[in-house]
Amino acid sequence: MTRYLFSLLVVLHVSLWAQSLSSLTLEQAIQRVKKTNLEINIARYNEEIKALEHHVATGSNYGSLDLKQLAIRSNDAGNIFGFKLQSREASFADFGFADFLKYQPSLGDSVVSVQPQDLNYPKARNNFQTQLEYTIPLYTGGKLEQYGRITKALEHLSTLEREQLTSQKVYEVKKSFFSISLLDAFISNLTITKSNIEKLELMTKEMMKEGYAKKVDLLEVEARRFDINRLLNQATANRALAYHFLSFLLDERVISISGVYEDALHVNQNMENILEQNLDIQKAHKGLEISQMNIALQESAFLPTVGAFVNYGSSDNQPFNDFAKHDAYTVGLQLKWNLFNGGVDKNNVEKARVENLKAVGQLSLAQKGIALHVEEIKTQIQSYEFEIESLKKEVELSRAIYENYFARYGEKLVSINDVIIKQSEEIAKVLRLKEIQNSRNEKIFELEKIAHKEAI
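What counts as what
- Residues numbered from 1 in each chain as written.
- Predicted model: local features only at pLDDT ≥ 70, side-chain atom pairs only at ≥ 80, totals over all residues.
- Heavy atoms only, no water.
- Salt bridge = Lys/Arg side-chain N within 4 Å of Asp/Glu carboxyl O.
- Helix = DSSP H or I, 4+ residues; strand = E, 2+ residues; numbered from the N terminus.
- Buried < 20%, exposed > 50% of the residue type's maximum accessible area, 1.4 Å probe, protein only.
- Axes fitted to C-alpha atoms, helices over the stretch in contact; angles between N-to-C directions.
- Parallel < 35°, antiparallel > 145°, perpendicular 65-115°, else oblique.
- Left-handed = near helix turned anticlockwise from the far one by under 90°.
- Contact = heavy atoms within 4.5 Å.
- Nonpolar A, V, L, I, M, F, W, Y, C, P; charged D, E, K, R; others polar.
- Expected span 1.5 Å × (residues − 1).
- Core = buried A, V, L, I, M, F, W, Y, C linked by side-chain atoms within 4.5 Å.
- Pairing = 2+ DSSP bridges.
- Phe/Tyr/Trp six-rings, centres within 6.5 Å; stacked < 30°, edge-to-face > 60°.

Quick look at the pattern of salt bridges
One side chain can pair with another of opposite charge once the charged atoms of both are near each other.
In step 1: In total, this model carries 24 salt bridges according to the counting rule given.
In step 2: Close ionic contact of aspartate 263 with lysine 392 constitutes a salt bridge, the shortest N to O distance being 3.9 Å. With aspartate 263 in the loop between α8 (215–250) and α9 (271–277) and lysine 392 in helix α11 (residues 344–410), the pair connects residues that are 129 residues apart, well separated along the chain.
In step 3: Judged by relative accessible area, which is 34%, lysine 392 ranks as partly exposed.
In step 4: Here lysine 286 and glutamate 289 are joined by a salt bridge, their closest N and O atoms 3.1 Å apart. With lysine 286 and glutamate 289 both in helix α10 (residues 279–299) and three residues apart, the pair spans about one turn of that helix.
In step 5: One continuous salt-bridge network, built from bridges that share partners, spans Glu39, Lys169 and Glu172.

Have a look at this one:
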């Protein structure tokens, strides 16, 4: 059976992946990752668990109602007499008055030494007892209230963790889309370069026929063509890997994306808003609240606890026989107050206070550390933008120089080596431009993640 279920799951998983996604936009991918990502779904389960734990904690305020049904048979003298008392059926005969009547009053004190047969050796008896018991805490020194508040705060904390994980996965989806788009552009540039080098190779072969080029010139061109093919294959493999990672994030096979994603939009955000919206800082705030609640929880150990209970039931030698006739109730209160336990409660309170001070420090550290990190990211983005503007001009210049050298080579004014050098310089500039663009995009997405924003 287990093997059959496993096979069925595998078939379902394969069939889902068979439904490949094509022409996927970034907006669609972000919506899908929120619904289908396995890690986010696991975080939702954890969120649900914390919510149930809160309900468990608050449920203790309402007490508990228990039903107990006993079925007993015994010939123990104490039990038999107790059973009859519980069912309100005890009589003088149960005290051995049958043996008492055998003696005459003239015998005086000799009757006192008689051991009554019916009392010491009663016949075996059944006892069926039905009881309802309700217990409820009336006062716990604030313990139950603090448990409820703490579990509610932990539920909120699990929600923040799920939102933080969602932001991380959205960040990874964006990074994948822009990486794929940049790789597409780089592959497109390499394809053009490959076409140019093939033209150069044909030109060199023609010039060799006319004696204007040598075999070594052709070898240089062919080596360059192989090098470009290597770069092209490498870029294609990296793009395939990016698609595999995107498919993993969405838990669906993605074969193509729609749109061009090269330069992410950078929106300057106010530091105060970033720190207010940052999930790490929100979690630190919630941790501080929980530590304050924990102090109150530990202090409740110095206060008494008061509880009440009500017990109602009936007992008979037959189940549910004359229930109302044989019923009985018991009500009561209990107060419990610990007076001494070796300083355990005092030390627990001190521990909670130290943890509270630690939480205060962690919140301050989170605020200052994130503010510093944000400034670093903004500086890096600005630096990358300056470099991108410069590289775009350099790429434009290197491409124009290469085209000039290519034309001059056809006029036999420069060597093939000069042409290849200029072409290498152009490719290097294009590659560097794509790398810097990718780095800038990553920093922008990281800043959005820190600010808990999803702007594209």
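Topic: the packing of helix α7 (residues 143–209) against α11
Packed helices, taken two at a time, are described by the angle between their axes plus the distance between the axes.
In step 1: It is the contact of α7 with α11, at a shortest axis distance of 11 Å, that shows an interaxial angle of 15°. Viewed along their axes, α7 and α11 adopt a mutual orientation that is roughly parallel. Note that α7 runs across α11; the crossing there is left-handed. Of the residues in α11, those in contact with Asn189, Asn196, Lys199, Leu200, Met203, Thr204 and Met207 of α7 are Arg399, Tyr402, Phe406, Tyr409 and Gly410.
In step 2: Broken down by class, the residue content of the contact of α7 with α11 amounts to six nonpolar, four polar and two charged.

What to know about α10
In step 1: With 21 residues, α10 should reach 30 Å at 1.5 Å per residue; the first-to-last C-alpha distance of 30 Å fits that figure.
In step 2: As for α10, its buried residues are in contact with α7, α9 and α11.

Digging into the nonpolar core
In step 1: In this structure, Val173, Phe177, Leu246, Leu250, Val254 and Ile257 are the most contacted members of the largest nonpolar core, which totals 37 residues.
In step 2: At the level of secondary structure, the elements contributing two or more residues to this core comprise α2 (26–36), α7, α8, α10, α11 and α12 (416–450).
In step 3: Here this core takes seven residues from α11, the largest share from any one element.
In step 4: In this structure leucine 250 touches Leu21, Leu24, Ala29, Arg32, Val33, Thr36 and Val173, once residues within four positions along its chain are discounted.
In step 5: If you look at the next biggest cluster of nonpolar residues, it comprises 29 residues, including Ile187, Val395, Phe406 and Tyr409.

A short note on the pairing of strand β2 (residues 125–139)
For a regular strand, side-chain orientation follows a simple rule: the groups alternate between the two sheet faces.
In step 1: Strand direction decides the pairing type here: strand β1 (residues 64–74) and β2, joined by 11 bridges, are antiparallel. From the neighbouring strand, lysine 68 faces β2, where its bridge partner is glutamine 131.
In step 2: Where β2 lies against strand β3 (residues 305–316), 11 bridges are found, and the strand directions are antiparallel. The partner of tyrosine 139 across the bridge, within β3, is valine 306.

Regarding the packing of aromatic side chains
In step 1: Summed over all chains, the structure comprises six aromatic pairs.
In step 2: A ring pair is formed by phenylalanine 177 and tyrosine 261, whose centres lie 5.5 Å apart and whose planes are at 85°; its orientation type is edge-to-face. Pair noted here: phenylalanine 177 is in helix α7 and tyrosine 261 is in the loop between α8 and α9, with a separation of 84 residues, a long-range link.
In step 3: Judged by relative accessible area, phenylalanine 177 falls into the buried class, the value being 0%.

Describing the sheet that holds β3
In step 1: One open sheet accounts for four strands, arranged β1-β2-β3-β4; its pairing is antiparallel. With one partner strand each, in any of the chains shown, β1 and β4 (327–336) form the two edges of the open sheet. On average, adjacent strands in this sheet sit at an angle of 20° to one another, irrespective of strand direction.
In step 2: Of the pairings in the sheet, the one linking β3 to β4 comprises 10 bridges and is antiparallel in character. Bridged to tyrosine 312 within β4 is tyrosine 329.
In step 3: In the packing of helix α4 (residues 77–86) onto the sheet, the strands contacted are β1, β2 and β3, and the crossing angle to β2 comes to about 65°.

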